[in-house]
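Now for the letters of each chain:
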Amino acid sequence: MNLQPFTLAIFGATGDLTRRKLYPALYNLWRENQLPKDFSVVSIGRRDISREEHHDAIIRSMERFSRKQLHTRHELKDFLDRFSYFRLEFHNSKGYGELKSYLSEVDQTWHTQGNKIYFLAVAPEFFPIISDELHDHGMAENIGSWQRLVVEKPFGQDLQSAIALNNDVRKTFPEENIYRIDHYLGKEMAQNIMVLRFANTLFEPLWNNRYIDHIQINLTETIGVEGRGLYYEKSGALHDMVQNHALQLLSLIAMEPPIALDTESVRDEKIKMLRSLKIKPGDVVRGQYDCDEKANILGYREEENVSPQSNTETFVALKTTIDNFRWAGVPFYIRTGKRMPQKYSEIVVTFKKLPGVLYFEKEDLGSNVLVIRLQPDEGVYLQFNAKRPGTNNFIQPVSMDFCQNCHNGFNSPEAYERLLLDVMRGDPTLFTRWDEVEYSWRFVDQIENMWKEDRGPTPLYAPNTWGPQKAIDLMQRDGRDWLRFQRKEVYII
Ligand code: BG6
């Protein structure tokens with residue numbers, strides 16, 4: 001599809017997200033000739049930096065975080081020339097008039113036909129301020145061009161603040177031009193969930209409470225809060241990972257088949273799923289990582305900008321159910337945490353066991369298991385039972401393991417590449433509609449309310465472990481375990 005020309009205005013251009021994700025994603029798209037001939041990028045920030053310093057910062061970010069190797073500065077010239085820096089105090093209304101004139105100049109220079117993407121890579125308190133100013137300065141109007149607003153998470157701190165924030169933003173940009181990012185939806189395998197479910201005879205007929213025992217979603221990380229204490233103190237793992245990423249994956253895994261694959265039909269089904277979620281007190285475990293002096297790892301409370309008495313959770317494990325015909329009685333478990341032994345994101349679907357097998361020497365028959373791996377490997381793992389070779393009638397679990405990024409030379413696009421491209425195309429399917437945000441907060445607020453009633457200290461866990469014992473108990477009391485199916489081989493072809 002031919003993309004229309006555009007100017008991308010990034011608010012918060014000196015921040016972490018821009019440096020780690022946006023500049024490298026733009027670079028990779030450019031290298032793959034996916035950007036239109038006419039485009040430009042205006043980085044907007046509060047610091048006073050020169051064009052030269054700005055370009056150096058872009059190069060450093062690409063060197064460190066780009067999946068493609070960097071060209072020489074000379075070869076990069078055409079790319080870098082399109083980037084300029086504009087200094088703005090986000091509260092300063094006058095500055096937006098100047099920004100408007102500047103963007104018109106850029107538009108003339110780069111023939112971008114007035115189309116704009118405003119990317120708010122800033123703290124959420126700035127969302128309404130910036131979108132109001134853009135609106136008041138006539139920069140949100142779609143007259144003969146399009147103007148799109150991209151907002152990052154967190155979208156609110158709870159349902160009430162999210163509603164207020166949404167009302168503010170909606171006064172300025174219409175819903176169809178608002179792109180609320182959840183970068184997990186840009187991951188290759190998250191997009192593959194619907195294909196696996198709805199394009200395979202093998203899975204969909206079994207995708208219900210008659211055949212599935214339980215589903216678990218594991219999103220674990222080895223890093224700590226990495227200098228983001230200020231943000232994390234207000235969010236914790238529940239807001240940072242569960243309210244958005246985990247619930248989005250859960251809705252893709254559990255929703256009913258949409259009537260069509262268009263944006264609104266998919267979103268309608270996700271909403272129905274989110275509305276059916278149930279959680280009980282006692283089914284949520286929280287934890288906070290402690291220090292490990294021997295390994296020289298700081299505890300969460302010792303991190304920069306974190307209160308030494310902080311009760312913020314860096315780990316959550318929970319069990320939820322979906323109150324509908326398809327899923328009645330099937331538990332869904334979610335586990336996410338920082339400072340865990342491994343970084344990986346996987347969805348494990350465990351099927352019910354058969355009632356014993358005639359004729360064969362029955363050891364404990366393994367369950368059939370389907371694992372959707374999102375990262376670091378991307379692929380699908382299937383475990384089933386087969387006869388052990390030999391003259392005895394033994395059964396053993398065997399597996400098939402499809403990995404799409406394990407082959408030499410394969411390098412999946414980063415989530416932000418796909419998401420930026422979708423904003424450029426005007427396709428909001430992989431972004432969250434307001435009511436998805438609303439119902440995720442309704443669910444998360446229930447947990448917060450449970451915690452308010454029982455606000456004892458958050459249990460500590462040692463770094464490099466899988467969280468507090470209670471998270472393991474949460475599974476074991478149901479006769480289950482957290483499962484991890486490691487890849488055994490990597491094929492290099
Ligand atoms: C972000 C969270 O949304 O997702 C971070 O704010 C977390 O705390 C990150 O580290 C994890 O993303 P990924 O893509 O590395 O799994």
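Since this is a predicted model, take the numbers as computed values, not measurements.

A.B. asks: Got a minute to help me understand the pairing of strand 10 (residues 332–337) in this structure?
C.D. replies: Side-chain direction in a regular strand flips from residue to residue, so the side chains alternate between the two faces of the sheet. In terms of burial, strand 10 is largely enclosed, as six of its six residues are buried. The two faces of strand 10 match: Phe332, Ile334 and Thr336 on one face and Tyr333, Arg335 and Gly337 on the other face are all buried. In the sheet, strand 7 (residues 212–220) pairs with strand 10 via six bridges, with the strands oriented parallel. Opposite glutamine 216, over in strand 10, you have tyrosine 333 as the bridge partner. Bridge count between strand 9 (residues 315–322) and strand 10: six bridges; the pairing is antiparallel. Bridging from a neighbouring strand, threonine 320 pairs with phenylalanine 332 of strand 10.

A.B. asks: Looking at this model, I keep getting lost on the side chain of glutamate 303. Mind explaining?
C.D. replies: Mapped onto the elements of the fold, glutamate 303 is located in the loop between strand 8 (277–289) and strand 9. Here glutamate 303 occupies a buried position and makes no salt bridge, while the nearest side chain of opposite charge, arginine 339, is found at 4.2 Å. Ignoring anything within four residues of it in the chain, the contact list for glutamate 303 reads Val225, Tyr289, Leu298 and Arg339.

A.B. asks: How do you make sense of the pattern of salt bridges when you look at a structure like this?
C.D. replies: Note that side chains of opposite charge can pair when their charged atoms are close. Tallied over the full model, the rule gives 40 salt bridges. For arginine 82, the salt bridge goes to aspartate 78, with nearest N and O atoms at 3.6 Å. One salt bridge connects arginine 480 with aspartate 478, and the closest N-O pair in it is separated by 4.0 Å. Classification of aspartate 478 by relative accessible area gives partly exposed; the value is 25%.

The rules we used
Residues numbered from 1 in each chain as written. Predicted model: local features only at pLDDT ≥ 70, side-chain atom pairs only at ≥ 80, totals over all residues. Heavy atoms only, no water. Buried < 20%, exposed > 50% of the residue type's maximum accessible area, 1.4 Å probe, protein only. Helix = DSSP H or I, 4+ residues; strand = E, 2+ residues; numbered from the N terminus. Pairing = 2+ DSSP bridges. Lys, Arg positive; Asp, Glu negative; His and termini not counted. Salt bridge = Lys/Arg side-chain N within 4 Å of Asp/Glu carboxyl O. Contact = heavy atoms within 4.5 Å.

Shape descriptors only; they carry no functional weight alone.
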